[in-house]
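Read off the chains here:
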Amino acid sequence: MYIQSQLANVIKERRSIKNGYLDQEVSLELVEQLLEVAVWAPTHGLREPWRFIFVSSEQKETFVAQLVQTFPKEMQENRRNYFSQPAAFLIVVMQEDPRQKQWEEDFGAVSSLIQNFQLLAWEQKLGVVWKTNPHIYDPKVRDLVGVAPGEKIVGFLHLGYFDEVPKAMPRTSVKEKLTVYDGK
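These lines cover the structure that appears in this document, whether it is placed above or below. The numbers attached to residues start from 1 for each chain and follow its sequence in the written order. In keeping with the model being predicted, local features are shown solely for residues with a pLDDT of at least 70 and side-chain atom pairs are shown and tallied solely at 80 or more, while totals for entire chains, interfaces and linings include all residues. Excluded from the side-chain calculation are hydrogens and water; included are all heavy atoms of the structure.

Quick word on the side chain of Lys-152
For clarity, the threshold we go by: Helix and strand assignments come from DSSP, with helices taken as H or I runs of at least 4 residues and strands as E runs of at least 2, each series counted from the N terminus. Here's how the labels work: a residue is buried when its accessible area is under 20% of the maximum for its type, exposed when over 50%, partly exposed in between, all with a 1.4 Å probe on protein chains only. We treat Lys and Arg as the positive residues and Asp and Glu as the negative residues; His and chain ends play no part in the count. Put simply, a salt bridge is a Lys or Arg side-chain nitrogen that is within 4 Å of an Asp or Glu carboxyl oxygen. Any two residues whose heavy atoms approach within 4.5 Å at even a single point are treated as in contact.
Mapped onto the secondary structure, Lys-152 falls in strand β4 (residues 151–161). Within the buried core, Lys-152 has no salt-bridge partner, and the shortest N-O distance to an opposite charge, that of Glu-96, equals 5.7 Å. What Lys-152 contacts, discounting residues up to four positions off in sequence, is Val-92, Val-93, Met-94, Glu-96, Trp-103, Phe-107, Tyr-137 and Arg-142.

Now the structure itself:
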């Protein structure tokens, strides 16, 4: 049996859009609408360990100018070019529970939320790539975006409309990754 549905198609068709963004604004209204649905991700104990920082298309240039100042001088021009590509950013922040089990459950919940957001954005022809570059750990970046002690930047979501869909990368067959427990 082969699963065929709109959801299955969106899951298989979604791509990370890393460049080639169009010069088109990403609205706060759309981001809010996508998040209102994405937050229905599984979340243990309904802890909802997430919060979001939206950098609009209108504020992006100012934000990028401040962000690149957190990098060493010799990297700033490279980082300016890199961060200037997306039309907007959504920074996803997680509350860090000191208990390992809860921390891992919360990270799983936030990751599920991000996947929901990416799938919903894809349906709206909005490209997203989830970035976890080293700057998300930099105290200067954390200060810039107002991340408090006890919080973790899970990633910068680069957002933008696009007109060229990247080719799909092959996936390993599940048959190579699946073991069936036989009770022995």
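Points about the pattern of salt bridges
Close approach of charged atoms allows side chains of opposite charge to pair. Counted by the stated rule, this structure contains 6 salt bridges. Between Glu-105 and Arg-47 there is a salt bridge whose closest N-O contact spans 2.7 Å. With Glu-105 in helix α5 (residues 100–123) and Arg-47 in the loop between α2 (28–38) and β1 (50–55), this pair connects stretches of sequence that are 58 residues apart. Judged by relative accessible area, Arg-47 falls into the partly exposed class, the value being 28%.

Notes on α5
Test applied: To estimate how far a helix should reach, multiply one less than its number of residues by 1.5 Å.
In this model, α5 (24 residues) spans 35 Å end to end at C-alpha, consistent with the 34 Å of a helix rising 1.5 Å per residue. Once α5 finishes, Lys-125 follows within two positions and takes phi at roughly 65 degrees, a positive value.

Digging into the packing of aromatic side chains
Both the distance between ring centres and the angle between the ring planes are used here to describe each pair of aromatic rings. The condition that has to hold: We call Phe, Tyr and Trp rings a pair once their centres come within 6.5 Å, taking the six-membered ring for Trp, and we label the pair stacked below 30 degrees between planes, edge-to-face above 60, and tilted otherwise.
One pass over the structure, following the stated rule, counts 9 aromatic pairs. Measuring from centroid to centroid gives 5.2 Å for Trp-122 and Phe-162, while their planes differ by 20 degrees, and the two rings are stacked. Taken as a pair, Trp-122 in helix α5 and Phe-162 in the segment after β4 lie far apart in primary sequence, 40 residues in all. Phe-162 shares its class with Trp-122; the two are buried.

Topic: the layout of surface pockets
Heads up, the rule is: Here a cavity denotes grid points, spaced 1 Å and computed from the protein atoms alone, that fit a 1.4 Å probe unable to get out, and a pocket denotes an open set having protein on both sides within 12 Å along at least 5 of 7 lines; residues with an atom within 4 Å of a point are the lining. Grid points are joined across faces, edges and corners, and a volume is the space filled by probe spheres set on the points. Ten residue types, Ala, Val, Leu, Ile, Met, Phe, Trp, Tyr, Cys and Pro, are classed as nonpolar, four, Asp, Glu, Lys and Arg, as charged, and the remainder, Gly among them, as polar.
Of the voids in this model, the largest pocket is the one considered here, and its volume is about 410 Å³. Lys-12, Arg-14, Arg-15, Met-169 and Arg-171 are the residues nearest the centre of the largest pocket, which is lined by 13 residues in total. When grouped by side-chain class, the residues that make up the lining of the largest pocket number 4 nonpolar, 3 polar and 6 charged.

Some words on a nonpolar patch on the surface
Put simply, the rule is: Exposure above 30% relative accessible area and the absence of a salt bridge qualify a residue for a patch, where like charges join within 9 Å and nonpolar side chains (Val, Leu, Ile, Met, Phe, Trp, Tyr) within 5 Å. Only the protein chains shown count as cover for residues, with accessible areas throughout obtained via the Shrake-Rupley method and a probe of 1.4 Å.
On the surface, Val-174, Leu-178 and Val-180 cluster together into a nonpolar patch covering about 330 Å² of accessible area. Among the structural elements, Leu-178 can be located in the segment after β4.

Interpretation note: all reported values are geometric properties and have no functional meaning in isolation.
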